[in-house]
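Inside the fold
So the chains spell out like this:
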Amino acid sequence: MSFGVTSRSLLLHILIVLLANNGSESRKMSQENWEGIGSSLQLPSSNGVIKDDVDQNDHSSMIFFTVKDLKVGEKLPIYFPRKDPSSSPHLLPRDEAASIPFSLKELPQLLNLFSFSQDSPQAKAMQYTLRTCELEPIKGETKFCATSLDSMLDFTSGVFGLERDFSVVTTTFLTNSSTSFQNYTILEVPKEILTSKMVACHTMPYPYAIFYCHYHESENKVYKILLGGENGDKVEAVAVCHMDTSHWSRDHVSFHLLRIEPGTLPVCHFFPADHLVWFQPPRLIQ
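If you check an unreviewed UniProt entry, the chain appears there as BURP domain containing protein from Trema orientale.

1. Describing the overall build of the chain
The secondary structure content of the chain amounts to 6 helices and 13 strands. Counting the 286 residues in the chain, one finds 48% classified as buried. Restricting to contacts in the chain with at least 6 residues of sequence separation, those with at least 24 account for 77%. For the chain, the exposed area adds up to about 14,700 Å²; of that, 50% sits on carbon and sulfur atoms.

2. So, the sheet that holds strand β3 (residues 141–146)
The 5 strands lie next to each other as β3-β9-β8-β13-β4, forming an open sheet whose pairing is antiparallel. Strands at the two margins of the open sheet, each flanked by one partner only, are β3 and β4 (167–169). Pairwise comparison of adjacent strand axes, ignoring direction, gives a mean angle of 20 degrees for this sheet. Pairing analysis gives 5 bridges linking strand β8 (residues 197–204) to strand β9 (residues 210–216), with the strands arranged antiparallel. The partner of His-202 across the bridge, within β9, is Tyr-212. Lying over the sheet, helix α4 (residues 121–134) contacts β3, β8 and β9, oriented at roughly 145 degrees with respect to β3. In this fold helix α5 (residues 149–160) packs onto β3, β8, β9 and β13 (276–280), with an angle of close to 155 degrees to the strand it touches most, β8.

3. Looking at the pattern of salt bridges
Pairs can form between side chains of opposite charge once their charged atoms are near each other. Within this structure, the stated rule accounts for 5 salt bridges. We note a salt bridge from Glu-74 to Lys-71, for which the minimum N-O separation is 3.8 Å. Overall, Glu-74 belongs to the buried group, its relative accessible area being 17%. Put simply, Asp-150 and Arg-94 hold a salt bridge, and the shortest N to O gap is 3.8 Å. Of the two residues, Asp-150 sits in helix α5 while Arg-94 sits in helix α2 (residues 94–98), which places them 56 residues apart along the sequence. What makes Asp-150 partly exposed here is its relative accessible area of 36%.

4. Here's the deal with the nonpolar core
If you look at the biggest cluster of nonpolar residues, it comprises 18 residues, and the most contacted ones within it are Leu-110, Leu-111, Phe-114, Met-126, Tyr-206, Tyr-208 and Ile-210. Mapped onto this core, the elements with two or more residues apiece are α3 (107–113), α4 and β9. Top contributing element to this core by residue count: α4, with 4 residues. Of all hydrophobic cores here, the second largest spans 17 residues; its members include Ala-146, Cys-201, Tyr-215 and Leu-276.

5. Describing the environment of Phe-279
When you line up the elements, Phe-279 lands in strand β13. With near-sequence residues (within four places) excluded, Phe-279 lies in contact with Phe-160, Phe-166, Ser-167, Val-168, Val-169, Ile-193, Leu-194, Thr-195, Lys-197 and Met-198.

6. Section: the packing of aromatic side chains
All told, the structure shown has 12 aromatic pairs when counted by the stated rule. Judged by centre distance (5.3 Å) and plane angle (70 degrees), the ring pair of Phe-102 and Tyr-206 falls under edge-to-face. Within this pair, whereas Phe-102 is found in the loop between α2 and α3, its partner Tyr-206 is found in the loop between β8 and β9, the two being separated by 104 residues in sequence. Residue classification places Phe-102 among the partly exposed residues on the basis of a relative accessible area of 24%. With a relative accessible area of 0%, Tyr-206 lands in the buried category.

Rules of the game
Residues numbered from 1 in each chain as written. Predicted model: local features only at pLDDT ≥ 70, side-chain atom pairs only at ≥ 80, totals over all residues. Heavy atoms only, no water. Helix = DSSP H or I, 4+ residues; strand = E, 2+ residues; numbered from the N terminus. Buried < 20%, exposed > 50% of the residue type's maximum accessible area, 1.4 Å probe, protein only. Contact = heavy atoms within 4.5 Å. Areas by Shrake-Rupley, 256 points an atom, 1.4 Å probe, with all protein chains shown as cover. Pairing = 2+ DSSP bridges. Axes fitted to C-alpha atoms, helices over the stretch in contact; angles between N-to-C directions. Salt bridge = Lys/Arg side-chain N within 4 Å of Asp/Glu carboxyl O. Core = buried A, V, L, I, M, F, W, Y, C linked by side-chain atoms within 4.5 Å. Phe/Tyr/Trp six-rings, centres within 6.5 Å; stacked < 30°, edge-to-face > 60°.

Now the structure itself:
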(Lines give C-alpha, C1' and ligand atoms only; values in the text may rest on other atoms or scores of the structure.)
Protein backbone atom coordinates (compact mmCIF):
# COMPACT_ATOMS: atom_id res chain seq x y z
CA MET A 1 0.00 0.00 0.00
CA SER A 2 1.24 3.46 -0.79
CA PHE A 3 0.12 6.84 0.45
CA GLY A 4 1.27 10.37 -0.25
CA VAL A 5 1.94 13.37 1.95
CA THR A 6 1.88 16.96 0.85
CA SER A 7 5.40 18.02 1.88
CA ARG A 8 8.62 16.81 3.50
CA SER A 9 8.12 19.09 6.50
CA LEU A 10 4.64 17.69 7.02
CA LEU A 11 6.02 14.15 6.83
CA LEU A 12 8.60 14.97 9.51
CA HIS A 13 5.90 16.50 11.71
CA ILE A 14 3.74 13.40 11.41
CA LEU A 15 6.68 11.10 12.13
CA ILE A 16 7.43 13.06 15.32
CA VAL A 17 3.82 12.60 16.42
CA LEU A 18 3.42 9.00 15.33
CA LEU A 19 6.78 7.29 15.84
CA ALA A 20 6.32 4.38 18.21
CA ASN A 21 8.65 3.94 21.17
CA ASN A 22 9.38 0.51 22.61
CA GLY A 23 9.53 -0.39 26.28
CA SER A 24 8.49 1.55 29.35
CA GLU A 25 9.13 4.98 27.82
CA SER A 26 6.10 4.53 25.56
CA ARG A 27 3.86 4.15 28.61
CA LYS A 28 4.78 7.35 30.40
CA MET A 29 2.27 10.15 30.56
CA SER A 30 2.60 13.50 32.23
CA GLN A 31 -0.25 15.27 34.03
CA GLU A 32 -0.80 17.84 31.25
CA ASN A 33 -1.71 15.01 28.85
CA TRP A 34 -4.91 14.51 30.85
CA GLU A 35 -6.12 18.11 30.72
CA GLY A 36 -9.48 18.87 29.14
CA ILE A 37 -11.38 15.89 30.55
CA GLY A 38 -14.56 17.14 32.16
CA SER A 39 -13.66 20.80 31.73
CA SER A 40 -16.54 23.25 31.76
CA LEU A 41 -17.70 24.86 28.53
CA GLN A 42 -17.79 28.58 27.86
CA LEU A 43 -20.06 30.17 25.28
CA PRO A 44 -18.64 32.75 22.86
CA SER A 45 -20.23 36.14 22.57
CA SER A 46 -22.68 36.82 19.74
CA ASN A 47 -19.99 38.06 17.36
CA GLY A 48 -17.64 35.15 18.12
CA VAL A 49 -14.96 37.26 19.80
CA ILE A 50 -13.65 36.45 23.27
CA LYS A 51 -15.37 38.33 26.07
CA ASP A 52 -13.20 40.15 28.57
CA ASP A 53 -14.77 38.32 31.51
CA VAL A 54 -14.30 34.79 30.08
CA ASP A 55 -11.79 32.42 31.68
CA GLN A 56 -9.21 32.11 28.91
CA ASN A 57 -7.62 29.05 30.52
CA ASP A 58 -10.60 26.75 29.93
CA HIS A 59 -11.58 26.76 26.27
CA SER A 60 -10.79 23.30 24.94
CA SER A 61 -14.06 23.22 22.98
CA MET A 62 -13.51 26.54 21.22
CA ILE A 63 -12.79 25.03 17.81
CA PHE A 64 -16.21 25.22 16.13
CA PHE A 65 -17.55 27.66 13.53
CA THR A 66 -19.99 27.69 10.61
CA VAL A 67 -19.46 27.95 6.86
CA LYS A 68 -20.66 31.55 7.02
CA ASP A 69 -17.43 32.37 8.88
CA LEU A 70 -15.19 31.21 6.01
CA LYS A 71 -14.19 34.65 4.75
CA VAL A 72 -11.13 36.86 4.84
CA GLY A 73 -11.10 39.15 7.87
CA GLU A 74 -13.41 37.00 10.00
CA LYS A 75 -12.29 36.92 13.62
CA LEU A 76 -12.75 33.71 15.63
CA PRO A 77 -11.74 32.60 19.14
CA ILE A 78 -9.82 29.33 18.68
CA TYR A 79 -8.13 26.90 21.03
CA PHE A 80 -4.96 25.32 19.57
CA PRO A 81 -3.28 23.20 22.26
CA ARG A 82 0.51 23.36 22.28
CA LYS A 83 2.02 19.97 23.08
CA ASP A 84 5.59 18.78 23.27
CA PRO A 85 5.74 15.60 21.15
CA SER A 86 8.65 14.31 23.24
CA SER A 87 6.46 14.17 26.36
CA SER A 88 3.25 13.02 24.65
CA PRO A 89 2.17 9.37 24.48
CA HIS A 90 3.50 7.46 21.48
CA LEU A 91 1.88 4.91 19.22
CA LEU A 92 2.99 1.42 20.14
CA PRO A 93 4.16 -1.14 17.60
CA ARG A 94 1.30 -3.33 16.40
CA ASP A 95 2.52 -6.43 18.29
CA GLU A 96 2.86 -4.60 21.62
CA ALA A 97 -0.51 -2.87 21.24
CA ALA A 98 -2.17 -6.20 20.43
CA SER A 99 -0.77 -7.70 23.65
CA ILE A 100 -2.57 -5.13 25.86
CA PRO A 101 -6.34 -5.43 26.46
CA PHE A 102 -8.34 -2.50 25.13
CA SER A 103 -11.89 -2.70 26.46
CA LEU A 104 -13.93 -1.04 29.18
CA LYS A 105 -14.54 -4.34 30.98
CA GLU A 106 -10.77 -4.73 31.35
CA LEU A 107 -10.33 -1.30 32.97
CA PRO A 108 -9.45 -2.61 36.48
CA GLN A 109 -6.72 -4.79 34.97
CA LEU A 110 -5.46 -1.88 32.87
CA LEU A 111 -5.30 0.47 35.86
CA ASN A 112 -3.21 -2.11 37.66
CA LEU A 113 -0.96 -2.49 34.61
CA PHE A 114 -0.27 1.25 34.43
CA SER A 115 -0.23 1.73 38.24
CA PHE A 116 -3.13 4.21 38.34
CA SER A 117 -5.57 4.36 41.25
CA GLN A 118 -9.27 3.90 40.55
CA ASP A 119 -10.16 7.50 41.44
CA SER A 120 -7.23 9.18 39.67
CA PRO A 121 -7.62 11.62 36.72
CA GLN A 122 -5.82 9.03 34.59
CA ALA A 123 -8.42 6.39 35.44
CA LYS A 124 -11.28 8.73 34.53
CA ALA A 125 -9.58 9.64 31.24
CA MET A 126 -8.99 5.99 30.36
CA GLN A 127 -12.62 5.21 31.12
CA TYR A 128 -13.69 8.13 28.90
CA THR A 129 -11.56 6.90 25.99
CA LEU A 130 -12.60 3.26 26.27
CA ARG A 131 -16.28 4.19 26.57
CA THR A 132 -16.04 6.53 23.57
CA CYS A 133 -14.33 3.87 21.48
CA GLU A 134 -17.07 1.35 22.31
CA LEU A 135 -20.01 3.63 21.51
CA GLU A 136 -22.12 2.60 18.52
CA PRO A 137 -21.43 4.75 15.42
CA ILE A 138 -24.07 7.20 14.31
CA LYS A 139 -25.95 6.63 11.06
CA GLY A 140 -23.57 6.71 8.08
CA GLU A 141 -20.42 6.62 10.25
CA THR A 142 -17.65 4.03 10.23
CA LYS A 143 -15.36 4.35 13.27
CA PHE A 144 -12.28 2.69 14.70
CA CYS A 145 -9.86 3.38 17.57
CA ALA A 146 -6.32 2.85 16.31
CA THR A 147 -3.76 1.66 18.85
CA SER A 148 -0.87 1.55 16.36
CA LEU A 149 0.20 3.30 13.17
CA ASP A 150 -0.30 0.03 11.26
CA SER A 151 -3.89 -0.30 12.46
CA MET A 152 -4.60 3.33 11.55
CA LEU A 153 -3.30 2.81 8.02
CA ASP A 154 -5.21 -0.47 7.73
CA PHE A 155 -8.46 1.27 8.64
CA THR A 156 -7.79 4.20 6.30
CA SER A 157 -6.86 2.01 3.35
CA GLY A 158 -9.96 -0.07 4.03
CA VAL A 159 -12.11 3.05 3.65
CA PHE A 160 -10.32 4.33 0.56
CA GLY A 161 -9.59 1.00 -1.14
CA LEU A 162 -6.36 -0.98 -1.17
CA GLU A 163 -5.40 0.17 -4.66
CA ARG A 164 -5.89 3.89 -4.08
CA ASP A 165 -3.29 6.40 -2.94
CA PHE A 166 -4.21 8.86 -0.21
CA SER A 167 -2.65 11.84 1.52
CA VAL A 168 -2.68 13.39 4.97
CA VAL A 169 -2.79 16.93 6.32
CA THR A 170 -2.60 18.42 9.78
CA THR A 171 -2.54 21.85 11.39
CA THR A 172 0.91 23.47 11.37
CA PHE A 173 2.22 26.26 13.61
CA LEU A 174 4.20 28.74 11.51
CA THR A 175 5.50 30.65 14.55
CA ASN A 176 6.75 29.59 17.97
CA SER A 177 4.43 30.50 20.81
CA SER A 178 3.04 29.20 24.09
CA THR A 179 -0.38 30.80 23.55
CA SER A 180 -3.10 28.18 23.18
CA PHE A 181 -6.22 30.35 23.11
CA GLN A 182 -6.76 33.71 21.47
CA ASN A 183 -8.70 35.47 18.72
CA TYR A 184 -7.51 34.60 15.22
CA THR A 185 -8.27 36.38 11.95
CA ILE A 186 -8.61 34.58 8.61
CA LEU A 187 -5.82 36.13 6.51
CA GLU A 188 -6.43 34.56 3.09
CA VAL A 189 -9.28 32.97 1.16
CA PRO A 190 -9.63 29.45 2.63
CA LYS A 191 -8.34 26.74 0.28
CA GLU A 192 -10.61 23.74 -0.16
CA ILE A 193 -8.85 20.39 -0.49
CA LEU A 194 -10.78 18.50 -3.13
CA THR A 195 -11.41 14.97 -1.96
CA SER A 196 -13.83 12.17 -2.67
CA LYS A 197 -13.45 10.70 0.83
CA MET A 198 -11.82 11.69 4.11
CA VAL A 199 -10.95 9.98 7.38
CA ALA A 200 -10.44 12.09 10.50
CA CYS A 201 -8.24 10.74 13.30
CA HIS A 202 -8.35 12.41 16.72
CA THR A 203 -5.98 11.81 19.62
CA MET A 204 -7.57 10.44 22.80
CA PRO A 205 -6.26 10.62 26.40
CA TYR A 206 -4.55 7.33 27.26
CA PRO A 207 -1.19 6.06 28.58
CA TYR A 208 -0.12 5.36 24.98
CA ALA A 209 -1.37 7.02 21.81
CA ILE A 210 -4.90 6.19 20.72
CA PHE A 211 -6.47 7.73 17.63
CA TYR A 212 -10.26 7.83 17.24
CA CYS A 213 -10.67 7.53 13.45
CA HIS A 214 -13.96 7.86 11.65
CA TYR A 215 -15.43 8.18 8.18
CA HIS A 216 -18.83 9.68 7.36
CA GLU A 217 -20.77 8.81 4.24
CA SER A 218 -22.35 12.26 4.26
CA GLU A 219 -20.68 15.18 2.51
CA ASN A 220 -17.69 16.79 4.22
CA LYS A 221 -15.39 19.55 3.04
CA VAL A 222 -11.72 19.94 4.03
CA TYR A 223 -10.00 23.33 4.14
CA LYS A 224 -6.59 24.81 4.77
CA ILE A 225 -6.95 28.20 6.42
CA LEU A 226 -4.18 30.71 7.14
CA LEU A 227 -4.83 32.36 10.49
CA GLY A 228 -3.20 35.29 12.25
CA GLY A 229 -3.37 35.55 16.04
CA GLU A 230 -3.70 38.72 18.07
CA ASN A 231 -0.17 38.17 19.39
CA GLY A 232 1.32 37.76 15.91
CA ASP A 233 1.07 33.97 15.74
CA LYS A 234 0.46 32.42 12.34
CA VAL A 235 -1.17 29.03 11.92
CA GLU A 236 -1.88 27.03 8.77
CA ALA A 237 -4.95 25.33 10.13
CA VAL A 238 -6.83 22.32 8.83
CA ALA A 239 -10.60 22.46 9.22
CA VAL A 240 -13.45 20.16 8.24
CA CYS A 241 -17.03 21.21 7.57
CA HIS A 242 -19.72 18.58 8.11
CA MET A 243 -22.44 19.52 5.65
CA ASP A 244 -25.19 17.35 7.16
CA THR A 245 -25.60 17.26 10.95
CA SER A 246 -29.20 16.05 11.00
CA HIS A 247 -28.19 12.70 12.57
CA TRP A 248 -26.00 14.23 15.29
CA SER A 249 -27.07 14.22 18.92
CA ARG A 250 -28.84 17.40 19.95
CA ASP A 251 -26.47 17.45 22.94
CA HIS A 252 -23.35 17.77 20.76
CA VAL A 253 -21.21 20.57 22.16
CA SER A 254 -21.03 22.37 18.79
CA PHE A 255 -24.76 23.12 18.81
CA HIS A 256 -24.51 24.71 22.26
CA LEU A 257 -21.48 26.77 21.32
CA LEU A 258 -22.81 27.91 17.94
CA ARG A 259 -26.41 28.20 19.18
CA ILE A 260 -27.84 26.28 16.24
CA GLU A 261 -30.00 23.17 15.84
CA PRO A 262 -29.01 19.84 14.23
CA GLY A 263 -29.37 19.89 10.45
CA THR A 264 -29.78 23.66 10.16
CA LEU A 265 -26.23 24.73 9.22
CA PRO A 266 -23.04 22.83 8.40
CA VAL A 267 -20.77 22.56 11.46
CA CYS A 268 -17.07 23.21 10.93
CA HIS A 269 -14.19 22.70 13.32
CA PHE A 270 -10.44 23.20 13.41
CA PHE A 271 -8.04 20.32 14.00
CA PRO A 272 -5.31 20.47 16.65
CA ALA A 273 -1.77 19.93 15.41
CA ASP A 274 -1.64 16.29 16.52
CA HIS A 275 -4.91 15.30 14.85
CA LEU A 276 -4.89 14.00 11.27
CA VAL A 277 -7.09 14.24 8.19
CA TRP A 278 -6.46 11.51 5.63
CA PHE A 279 -8.01 12.27 2.26
CA GLN A 280 -8.42 10.70 -1.14
CA PRO A 281 -8.16 12.94 -4.20
CA PRO A 282 -11.05 12.44 -6.62
CA ARG A 283 -10.45 10.14 -9.57
CA LEU A 284 -9.74 11.85 -12.87
CA ILE A 285 -12.17 10.98 -15.64
CA GLN A 286 -10.23 9.36 -18.50
